[in-house]
Amino acid sequence: MNGLRFRPASSADLSHLVRLRDDAARWMHSQGITGQWQPGELGEDHFHRIMADAEVWIAEADGRTVGAWELWWEDPDAWGRQPPTAGYVHRLMVDRAAAPPGTGRRLLRAAERRVAETGRGLTRLDCLAGNERLTAYYLDAGYQVVGHKQGKPQPGGTPKSFTLLEKTLAVPPTPATSPSDESPKKPDGDVENPWRAPSPG
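What counts, and where the lines are drawn
Residues numbered from 1 in each chain as written. Predicted model: local features only at pLDDT ≥ 70, side-chain atom pairs only at ≥ 80, totals over all residues. Heavy atoms only, no water. Helix = DSSP H or I, 4+ residues; strand = E, 2+ residues; numbered from the N terminus. Buried < 20%, exposed > 50% of the residue type's maximum accessible area, 1.4 Å probe, protein only. Areas by Shrake-Rupley, 256 points an atom, 1.4 Å probe, with all protein chains shown as cover. Polar contact = N/O pair within 3.5 Å; in protein donor to acceptor, adjacent residues only side chain to side chain. Core = buried A, V, L, I, M, F, W, Y, C linked by side-chain atoms within 4.5 Å. Contact = heavy atoms within 4.5 Å. Phe/Tyr/Trp six-rings, centres within 6.5 Å; stacked < 30°, edge-to-face > 60°. Lys NZ or Arg CZ within 6 Å of the ring centre and 35° of its normal. Salt bridge = Lys/Arg side-chain N within 4 Å of Asp/Glu carboxyl O. Pairing = 2+ DSSP bridges.

## Observations regarding the overall build of the protein chain
Then, in step 1: Counting secondary structure elements, the protein chain contains five helices and eight strands.
Then, in step 2: Put simply, the protein chain runs from its N terminus to its C terminus through helices and strands in the order β-α-α-β-β-α-β-α-β-α-β-β-β.
Then, in step 3: Sorting the 201 residues of the protein chain into buried and exposed places 48% on the buried side.
Then, in step 4: For the protein chain, the computed accessible surface area is about 10,000 Å², with 50% contributed by carbon and sulfur atoms.

This is the structure in structure tokens:
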């Protein structure tokens with residue numbers, strides 16, 4: 001299993017997305033991380049709503065779904081109202097039983113490329129306050145801690161506190177893709193035209 005291919009998610013992927021989220025939550029619990037995600041917390045309706053309002057991406061290897069992430073163009077609950085200069089990564093998920101090592105980092109890079117191609121120069125994300133292991137993972141990927149959010153609303157539970165991180169992207173905006181107040185145009189959802197991740201460098 002070498003190549004990863006990425007494509008926008010469709011309604012046919014909803015059950016796979018729920019499986020990835022629940023498996024990730026169970027893995028976190030097995031690692032002693034019990035305060036962030038809970039199995040059964042999000043259903044297909046959550047991902048269907050995100051597909052309508054933002055983007056959800058699927059990673060495939062050998063015809064199997066091995067990862068996914070959400071990409072939002074605004075996140076006022078965590079970051080407040082912001083100018084359209086960033087993309088916000090949420091629910092980066094990897095199938096640990098099937099994905100090759102390093103898949104999570106490659107998904108993150110793919111999300112960053114998608115943000116950059118829209119002309120936005122920052123990728124932002126958050127992680128549960130006190131989750132030092134996950135914070136270190138993102139710091140190692142080039143992110144910086146830029147703040148904290150107390151009492152952020154959660155889709156499946158009570159509000160929680162989060163660490164806010166961002167990364168300046170290597171590809172700056174160009175005049176042809178300068179930021180606007182509108183969300184970027186969604187990519188073609190045709191699964192026959194996915195884009196492939198470059199081989200790890």
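So that's the structure; there's more coming.
## Concerning the side chain of Thr118
Then, in step 1: In this fold, Thr118 is placed in the loop between helix H4 (103-117) and strand S5 (122-128).
Then, in step 2: Residue class for Thr118 comes out buried when judged on its relative accessible area of 13%.
Then, in step 3: From its side chain, Thr118 meets the backbone oxygen of Val115 in a polar contact 2.6 Å long.

## Notes on the nonpolar core
Then, in step 1: Formed by 27 residues in total, the largest nonpolar core has its most connected members in Phe6, Trp69 and Tyr138.
Then, in step 2: The set of elements that each furnish at least two residues to this core consists of strand S2 (55-61), strand S3 (64-72), strand S4 (86-94), H4, S5 and helix H5 (132-140).
Then, in step 3: Those residues in contact with Trp69 that lie beyond four places of it in its chain are Phe6, Glu55, Val56, Trp57, His90, Arg91, Leu92, Leu107, Ala110 and Ala111.
Then, in step 4: In this structure, Ala9, Met28, Ile50 and Ala68 belong to the second largest nonpolar core, which totals 25 residues.

## Let's talk about the environment of Ala111
Then, in step 1: Mapped onto the elements, Ala111 comes out in helix H4.
Then, in step 2: The sequence separation of Ala111 and Trp69 amounts to 42 residues, and the corresponding C-alpha distance is 8.0 Å.
Then, in step 3: Once residues within four sequence positions are removed from consideration, Ala111 is found in contact with Trp69, Leu71 and Val89.

## As for the packing of aromatic side chains
Then, in step 1: Counted by the stated rule, this structure contains five aromatic pairs.
Then, in step 2: For the pair Trp57 and Trp69, a centre-to-centre distance of 6.0 Å together with 10 degrees between the ring planes defines the contact as stacked. With Trp57 in strand S2 and Trp69 in strand S3, this residue pair connects regions lying 12 residues apart in the sequence. Neither residue differs from the other here; Trp57 and Trp69 are each classed as buried.
Then, in step 3: Against the face of Tyr137 rests Arg105, its NZ or CZ located 4.9 Å from the ring centre.

## Things to note about the pattern of salt bridges
Then, in step 1: In total, this model carries 17 salt bridges according to the counting rule given.
Then, in step 2: In this structure, the salt-bridge partner of Arg7 is Asp13, at a minimum N-O distance of 2.8 Å. Residues Arg7 and Asp13 agree in their burial class; the two are buried.
Then, in step 3: Of the charged contacts in the structure, one is a salt bridge between Glu74 and Arg81, with a shortest N-O distance of 3.4 Å.
Then, in step 4: Judged by its relative accessible area of 68%, Arg81 is exposed.
Then, in step 5: One network of salt bridges, in which partners are shared, links Arg19, Asp23, Arg26, Arg64 and Asp95.

## Brief notes about the pairing of S3
Then, in step 1: Counted residue by residue, S3 has eight buried out of nine residues, so it is predominantly covered.
Then, in step 2: Between the end of S2 and the start of S3, which pair antiparallel, lie two residues, with Asp62 showing a positive phi angle near 55 degrees.
Then, in step 3: Pairing geometry for S3 and S4, over five bridges, is antiparallel. Bridge assignment links Glu70 to a residue of S4, and that residue is His90.

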